[in-house]
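Here are the chains, one letter per residue:
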Amino acid sequence: MNAVVKPSNAPVARAEQGFKVLLLGATGSGKTYCPALLAKHGFKVMYIFTENGMSTLQALPSELKSEIGKNIHYVYRPAVTTDLDTILASAKLVNTASYEALTKMAATDRAKTQEFIQLLGTLKNYVSDVTGESFGNILTWKPNVCLVLDSLSGLNLGIMRNLMGTKPVAGQHEWQVAMRMEEELLNMLCLNADCSLVITAHPERELDEISGAQFVYAGALGRKLGPKIGRFFDEVIETKRKGDRYFWANSA
């Protein structure tokens, strides 16, 4: 019997992918807290904070707080790292230049605004701020590892700063490039990563002028991207808090 030779360009079988969830909610609605619960159910929960959300982990109940450094890890990659001199220079520029001149300016000082590049470096080699342990490339993680990107709002800032540096106003072409970069990253995380994924985002509400219906979208770069990015997630969930009670819904 002749052996069957598998063509070299045949697709490689992949393990089952983990879940992909987009959490939309206001500050204090449980977006950061809830993924930590997975640590009690056999998951490693790996946070990347683009804004200061580590205090939420420090306020976890004792049975979850004890998982920090074991099954809960985090990395802080702030969306903005700047100083007063940079802000002062931008303020003086805005005070003296016209809006048209500001939008036509070339990007400035991009060596100072590489926060998005640093975040991508963390995805390529995740090193825990808690233990210093390296967990490697997130594309090698299995479904029982959950990457939590907290939040999309910080990602927005990092991508724009990577593109335009300290320039105070973005032109239309810069918005288009930035939206494409964000969409490409989110699609990669949803379609190519086998690990589970939770991305937190702040909601934006849009009113349909014809029907009067209100829709809730993720606060992404530009108005056109928000309605698009949910399509590759298993669930897009809105989180709400009323008093001491928390509610999740996907109806909106």
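Check the entry above for the structure.
In this report, we go over the structure that sits alongside the text.

When its secondary structure is counted, the protein shows nine helices and nine strands. Residue burial in the protein is summarised as follows: out of 252 residues, 43% are buried. A fraction of 75% describes how many contacts in the protein between residues 6 or more apart in sequence connect residues 24 or more apart. Approximately 14,000 Å² of the protein is accessible, and the part contributed by carbon and sulfur atoms is 55%. For the protein, the centre of its 27 positive side-chain charges and the centre of its 25 negative side-chain charges are spaced 2 Å apart.

Moving on, we get to the packing of helix α7 (residues 152–164) against helix α8 (residues 172–191). Closest axis-to-axis distance for the α7/α8 pair is 10 Å, and the angle between their directions is 130°. Judged by the angle between their axes, α7 and α8 are oblique. In the crossing of α7 with α8, the sense of the turn from one axis to the other is right-handed. On the side of α7, the interface is formed by Leu152, Leu155, Asn156, Ile159, Met160, Asn162, Leu163 and Met164, while α8 contributes Glu174, Trp175, Val177, Ala178, Met181, Glu182, Leu185 and Leu186. Partitioned by chemical class, the residues of the contact of α7 with α8 number 12 nonpolar, two polar and two charged.

In this model, aspartate 150 is joined to serine 151 through a cis peptide bond whose omega is 15°. Relative to the helices and strands, serine 151 is located in the loop between β4 (145–150) and α7. A positive phi is found at aspartate 109, a non-glycine position, where the angle reads about 55°. One can find aspartate 109 in the loop between α5 (99–104) and α6 (115–124).

Calculation criteria
Residues numbered from 1 in each chain as written. Predicted model: local features only at pLDDT ≥ 70, side-chain atom pairs only at ≥ 80, totals over all residues. Heavy atoms only, no water. Helix = DSSP H or I, 4+ residues; strand = E, 2+ residues; numbered from the N terminus. Buried < 20%, exposed > 50% of the residue type's maximum accessible area, 1.4 Å probe, protein only. Contact = heavy atoms within 4.5 Å. Areas by Shrake-Rupley, 256 points an atom, 1.4 Å probe, with all protein chains shown as cover. Lys, Arg positive; Asp, Glu negative; His and termini not counted. Charge placed at Lys NZ, Arg CZ, Asp CG, Glu CD. Axes fitted to C-alpha atoms, helices over the stretch in contact; angles between N-to-C directions. Parallel < 35°, antiparallel > 145°, perpendicular 65-115°, else oblique. Left-handed = near helix turned anticlockwise from the far one by under 90°. Nonpolar A, V, L, I, M, F, W, Y, C, P; charged D, E, K, R; others polar.

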